[in-house]
Amino acid sequence: MLGVAKDPLQHTSMYERMEEESEDSDGEGGLGNVSRVIIRPPGVSGKAKRGHLCFDAAFETGNLGKAELIGEFEYDLYLRPDTCNPRFRFWFNFTVDNVKQDQRVIFNVVNMNKARNLFNNNLTPLVKSSSRPKWQRLPKKHVYYYRSPIHRNHYVLSFAFSFDKEDDVYQFALAPPYSYSRLQSYLNFIENRQQNDKKFIRTSLTKSLQNRNIDLITIDKVSSKSSTLRTERSFIRVIVILSRSHGNASPASYMCQGFLEFLLSNHNIAKILRENFVFKIVPMANPDGVFLGNNRCNLIGQDANRVWHVANEFLHPEIYAIKNMLKEIDNSDIFQIDFVIDLHAHNSLHGCFIYGNTYEDVYRYERHLVFPRLFAANVKDFAANNMMFNADDKKVGSARRFCCERLSDTVNAYTLEISLGGHYLKDGKTVALYTEDGYYRCGRNLARTLLQYYRFINILTEPLPADVRSKKRRPKTHQGRSRSRQRYEVKPRPKTTRCSAPISYTNLIICYDSGGSSDEAFSPERHHRCAPRSSNFSGYRNYYRNPASSLISQAQDQLTLLRIKSGKFDSSHCDYKIGGRIPTRSVPSEQKEEKFEVSINIPPKPYLSIIDLNQLTRGSLNKKSHSFEYS
């Protein structure tokens, strides 16, 4: 049953063994994976004894093509290449049972295709057993990755292991697996958890080549008040999250689940996001490749993140359906896509980082850098050195490049990568390996950064609503000190000759002349489509500044400055104008000689040019991001 998660340690094979296959048969079992293959020493026949290892990979996400005994306790393991594509051989996931107490073995994975990967930098395989279901990394001192002249100078992954319990079934994997059945079980669970208040709608975009669902989670809980505000701006902002284009990118599924779980929670940040934005989440874009245990490809050997520009409904129904959804939203006069974030896992670099695009429009490129900077300030394991923005022709078929060239200029398309291994600590040398909780945390941080981004560009109100900030209270064990009822008279400070320090006041408002996001009024008209890479193609929206609101804001700034400068200033008994002098209160004629006026220069309302935005992204943005505190 595809709707029920299966534990591979229970040996519930997804393939039916053929009647003519014996226990000794390597019988492809299912698309090349070994199925309950028992390895006997040379010259030994008959019933298998304890210590004759039994290998199995005929389950969801499993991958092991062949196992050979080459010594007394040494085995050569061959990975099964992706279906219809022999180039990709890196993901492995298999089980071993029928072991003997304290049996020591050496496993050599001899046909891995990647020379540059994290096994050269402290990554080790994962292992768990039926009595210890939590994944654990093997010690680095027992794992080696090297080039072997015996195996045609191919790279070999060798690791030593000792089986300590005879009755256990042991499972080895490159990363914590996340199967299609597990996703279906999770979606069924959160769907059944909804009672009266439905926070999301689950639909199916299309079917894969093997007739599996491409699930779409839509979250749109906009109140009537927010809808009115959106109508005034003439569009609704949409955030699209894509995940699991590659079979080996199981950390991306954990990250997507953490993002979805946080967004559906009762957290105050999640409530604000649900009430103001629409979320479209595709948690598994390549279910066939995940189910079959492929490294990158789908059923027909196509890399799902390299065919966006040529996808069709017959060969790539998943990508074709997602493309149609994006185009439909982008061409609508009601919706606007702000983000398309594609979640992936990286097998060569440590940490969490973002890949972005480059644009001919410099203003758009500067605006494109804001979200990664905010995300870097929010995530402790962010690896800024791995971040990259390019327009490489080799990646023209990826999701971020397609959205960059074929959708509106308002769309920010990113690839969010998280390592299969771990991340560096503050010392820059120690690597902390990721766990499932670490991947969940990265998904939650993604949701927090979205709120921070929209506050930063003044789409959401500032400062944060009071209910978002968590009030730190003392534990009940602490008793407050009793305060004395006696009040002390505060004596005024003696007058001195020192002058007040100059006040620097800046109210940051961003104006995107090339189609950026702003909280001012917007034009409901959309321009006609032009050639790709032009600044006016595919639904480009013109934004303009509201001069009335600017005057009001300046008046408020003047009032704030005057209150700071003079503590006795009363706004109810004064008339003032912008750029003038400090108004003085009316006093009796005999006290007129004590009246004084101080002139101050009010800085003009800042209007960010390209130079200002460069300064923002270099320095001030970090200060801006540190001012946001969440619970």
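The name given to the protein in an unreviewed UniProt entry is Peptidase M14 domain-containing protein, with Glossina brevipalpis as the source organism. Looking at the protein in UniProt, the text filed under Cofactor (unreviewed entry) is "Zn(2+)".

(A) Looking closely at the sheet that holds strand β7 (residues 126–129). Taken together, the six strands give an open sheet; going across it, the order is β1-β2-β5-β11-β7-β8, and neighbouring strands pair in antiparallel fashion. The outermost strands of the open sheet, each flanked by one partner alone, are β1 (37–38) and β8 (136–137). Inspection of the sheet shows strand β5 (residues 93–97) paired to strand β11 (residues 170–173) by four bridges, in the antiparallel sense. Opposite Phe-94, over in β11, you have Phe-172 as the bridge partner.

(B) Focus on the UniProt feature "active site" (unreviewed entry) in the protein. Annotation from UniProt places "active site" (unreviewed entry) at Glu-417. Of note, Glu-417 is situated in strand β19 (residues 412–419). Since its relative accessible area comes to 8%, Glu-417 is described here as buried. Not counting residues within four places of it along the chain, the set of residues in contact with Glu-417 comprises His-344, Ala-345, His-346, Gly-351, Cys-352, Phe-353 and Tyr-355.

(C) Expanded view of the sheet that holds strand β6 (residues 103–112). Taken together, five strands build an open sheet; the order of strands is β3-β4-β6-β10-β9 and the sheet is mixed. At either end of the open sheet lies a strand with only one pairing partner, and these are β3 (66–69) and β9 (143–148). Averaged over all pairs of adjacent strands, the angle between strand axes in this sheet comes to 25°, irrespective of strand direction.

(D) Looking closely at the pairing of β11. The two faces of β11 match: Tyr-170 and Phe-172 on one face and Gln-171 and Ala-173 on the other face are all buried. In this structure, β7 lies alongside β11, joined through four bridges in antiparallel fashion. Bridge assignment links Val-127 to a residue of β11, and that residue is Phe-172.

Parameters at a glance
Residues numbered from 1 in each chain as written. Predicted model: local features only at pLDDT ≥ 70, side-chain atom pairs only at ≥ 80, totals over all residues. Heavy atoms only, no water. UniProt positions renumbered as here; feature names shortened; annotations may be inferred. Pairing = 2+ DSSP bridges. Helix = DSSP H or I, 4+ residues; strand = E, 2+ residues; numbered from the N terminus. Buried < 20%, exposed > 50% of the residue type's maximum accessible area, 1.4 Å probe, protein only. Contact = heavy atoms within 4.5 Å. Axes fitted to C-alpha atoms, helices over the stretch in contact; angles between N-to-C directions.

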